[in-house]
Amino acid sequence: MSAPELILALESSCDETAAAVFDPARGLAGEWIHSQMVLHERHGGVVPELAAREHLRQLGPLIERARRAAAGPLGAVAVTYGPGLAPCLALGVAAAKALAAACGAPLVGVNHLRGHVWSPFIPVHAAHPASFSARRDALLPHLALVVSGGHTLLAQAEPSLKLSLLSTTRDDAAGEALDKGAKLLGLGYPGGPLVERSAAGGRPDAFDFPRGIGRKDDLGFSFSGLKTSLRYRLEKMPTSEIEARTADLCASYQEAVVDALSRKVRAALAGVRFRSLGLSGGVANNRRLREALAAEAARAQVPFLPAQPEHTGDNAGMIAFAAWADPDGVDRRGTGLRIEPSLGL
Ligand code: KG4
Ligand code: ZN
């Protein structure tokens, strides 16, 4: 999409209802998000039926706010079409279709993971919209680490803007491992931030947890062994000891996740001459992970591009941005990093 027209994007793939307006000439003109965290907290995880009902309630008002804020005609309506929870995606896509028809604007389906992959480039664009292409090109090829509750992947953005998936997780995602670990420790949901908070008072070397890293040339992740290892360890510990050592357990568990991610990033950076490293997805909020990956980028002498806090978790800003910045979008190798020409829902 080359015309400098406004893009209004919707995101409803999981438990955030979000809308954003992106102006290619200036950057994100507005972002609105309604988090359902409180709704799902008491269930210990996202309940798809409840999430869909909440999206239904929130989408209309969010779209109205975004439309009022959009100062100019819409060049496109973008929407996350997958991956995500089917009933939640379907509502976002239906709303986007209706909006696109009402505005006479084309509808653009954006793969949620491609949104995460490109999100570290949002501030690169915002700083210098007019010279974005040249600045982006200087950062390609780019290595992207996406770490969320549902996904863990390494992807490569080539100078042609083609994205290819380098690796993913064989079992649990990094965020899922933190959430399940937190559940075993009785900390609550979502676990990642709670593990991080508790880890601040503990020693990362107090317990030796497995890294699930496999062969050195294998960039794939595995986190289910880590969670099982914590479960076995807790089964052998009296409750009083677990309580007394929760901070050490969290610090060591978090360190195992960070170390596994860092090692694979290091191996990927050693294999290809990347010119930047990106970090995105909800787990990118983790301070220890950001530090560790900043160190890997420094070691490889490439700029480190962490997504901004408002664009780490699910958000519509990244969907609007990807609709504009990722026009290529078609990867026919069945990697899952793919934008379909039609929405397919
Ligand atoms: O990207 P996201 O908001 O939603 C998905 O698409 O999954 O990521 C949510 C995940 C959860 O697993 C949550 O525990 C984790 O991100 N997370 C964190 C932190 N903040 C959120 N993990 C570690 N440290 C954090 N500070
Ligand atoms: Zn996500």
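What counts, and where the lines are drawn
Counting of residues starts from 1 at the beginning of each chain's written sequence and follows it residue by residue. Ligands are numbered from 1 and chains lettered from A, in the order in which they are written. Side-chain atom pairs in this predicted model are given and counted only at pLDDT of 80 or more, local residue features only at pLDDT of at least 70, and totals for whole chains, interfaces and linings cover all residues. In computing side-chain values, all of the structure's heavy atoms are included and hydrogens and water are not. Relative accessibility under 20% of the residue-type maximum defines a buried residue, over 50% an exposed one, and the middle range a partly exposed one, all with a 1.4 Å probe and only protein chains included. We count a stretch as a helix when DSSP gives it H or I for four or more residues in a row; a strand needs E for two or more, and each element gets its number in order from the N terminus. Paired strands are those between which DSSP finds at least two bridges. A fitted line through C-alpha atoms serves as each axis, taken over the contacting stretch for helices, and the angle formed by two N-to-C directions is quoted from 0 to 180°. We call two directions roughly parallel when the angle between them is under 35 degrees, roughly antiparallel when it is over 145, roughly perpendicular when it lies between 65 and 115, and oblique otherwise. Two helices cross in a left-handed way if the nearer one is turned anticlockwise from the farther one by less than a right angle. They cross in a right-handed way if the turn is clockwise. Contact between two residues is taken to exist if any of their heavy atoms lie within 4.5 Å; hydrogens are not considered. Three classes are used, and their members are as follows: Ala, Val, Leu, Ile, Met, Phe, Trp, Tyr, Cys and Pro are nonpolar, Asp, Glu, Lys and Arg are charged, and the others, Gly among them, are polar. Each metal site is built from N, O and S donor atoms within 2.8 Å (3.2 Å for Na, K and Ca), and since water is not included, such sites may look incomplete. Angle rules define the geometry names used: all angles between 85 and 135 degrees makes four donors tetrahedral, while opposite donors over 155 degrees apart and all other angles between 65 and 115 make four donors square planar and six octahedral, leaving every other case irregular. The near set for a molecule or strand comprises every residue that places at least one heavy atom within 4 Å of it. Distance and chemistry together define a polar contact, namely a pair of N or O atoms within 3.5 Å, with one atom able to donate a hydrogen and the other to accept it when in protein, and with adjacent residues in sequence counting only for side-chain atoms on both sides. Accessible surface is estimated by sampling points in the Shrake-Rupley manner with a 1.4 Å probe; for residues, cover comes only from the protein chains shown. A 1.4 Å probe that fits but cannot get out identifies a cavity on a 1 Å grid over protein atoms alone, an open set with protein on both sides within 12 Å along at least five of seven lines counts as a pocket, and a residue lines either if it has an atom within 4 Å of a point. To be counted as sitting in a cavity or pocket, a molecule needs more than half of its atoms within 2 Å of that site's grid points.

Visitor: Can you break down the pairing of strand S2 (residues 16–23) residue by residue, with the values?
Guide: Taken across its eight residues, S2 has eight buried, putting it largely inside the fold. Adjacent in sequence and paired antiparallel, strand S1 (residues 6–11) and S2 are bridged by four residues. Where S2 lies against strand S3 (residues 27–35), eight bridges are found, and the strand directions are antiparallel. Paired with Ala-18 across the bridge in S3 is Ile-33. Two successive antiparallel strands, S2 and S3, enclose a turn made up of three residues.

Visitor: If you had to explain the packing of helix H9 (residues 224–235) against helix H11 (residues 246–271) to someone new, which residues and values would you point to?
Guide: Where H9 contacts H11, the axes come no closer than 11 Å and their chain directions differ by 160 degrees. Put simply, H9 runs roughly antiparallel to H11. Viewed along their axes, H9 and H11 form a crossing whose handedness is right-handed. Of the residues in H11, those in contact with Leu-226, Lys-227, Leu-230, Arg-233 and Leu-234 of H9 are Leu-249, Tyr-253, Ala-256 and Val-257. The residue makeup of the contact of H9 with H11, split by class, is seven nonpolar, no polar and two charged.

Visitor: An account of the side chain of Ser-262 is requested, with residue identities and associated values reported.
Guide: Relative to the elements of secondary structure, Ser-262 occurs in helix H11. Setting aside chain neighbours within four positions, we find Ser-262 in contact with Ala-292, Leu-293 and Glu-296.

Visitor: Provide a residue-level description of the coordination of the zinc ion (ligand 2), including the pertinent values.
Guide: For the zinc ion (ligand 2), every protein donor is listed as His-112 (NE2), His-116 (NE2) and Asp-314 (OD), and the spread of their distances is 2.1 Å. The coordination sphere of the zinc ion (ligand 2) comprises four donor atoms, whose angles at the metal cover 87 to 141 degrees; the geometry is irregular. Along the chain, the residues that donate to the zinc ion (ligand 2) are spaced as H-x3-H-x197-D. Taken together, the residues span about one helical turn, with His-112 and His-116 both in helix H4 (residues 112–118) at a distance of four residues.

Visitor: Which residues make up the site of ligand 1, and what are the values?
Guide: Surveying the vicinity of ligand 1 reveals 18 residues, the closest of which are Gly-149, Asp-179, Gly-192, Glu-196 and Gly-282. Within the backbone of Gly-150, one N or O atom sits 3.3 Å away from an oxygen atom of ligand 1. Here an oxygen atom of ligand 1 sits 3.4 Å away from a polar atom, N or O, in the main chain of Val-283. Relative to its unbound accessible area of 550 Å², ligand 1 is 86% covered by the protein chains. A majority-of-atoms criterion places ligand 1 in the largest pocket. If you list the elements that add at least two residues to the shell around ligand 1, you get helix H7 (174–184) and helix H8 (191–199). Among the elements that line the shell around ligand 1, the one with the most residues is H8, at four residues. Class assignment of the residues belonging to the shell around ligand 1 gives a composition of four nonpolar, eleven polar and three charged.

Visitor: Can you lay out the sheet that holds strand S9 (residues 276–280) for me, pointing to particular residues and giving the numbers?
Guide: Strand order in the open sheet formed by five strands is S8-S7-S6-S9-S10, with mixed pairing between adjacent strands. Each edge of the sheet is formed by a strand with only one pairing partner; in this case those strands are strand S8 (163–168) and strand S10 (304–306). Within the sheet, the average angular offset between the axes of one strand and its neighbour, ignoring direction, is 20 degrees. Sheet strands touched by H11: strand S6 (142–147), strand S7 (152–157) and S9. Its angle to S6, the strand with the most contacts, is close to 165 degrees.

Function cannot be inferred from these measures alone, as they are strictly geometric.
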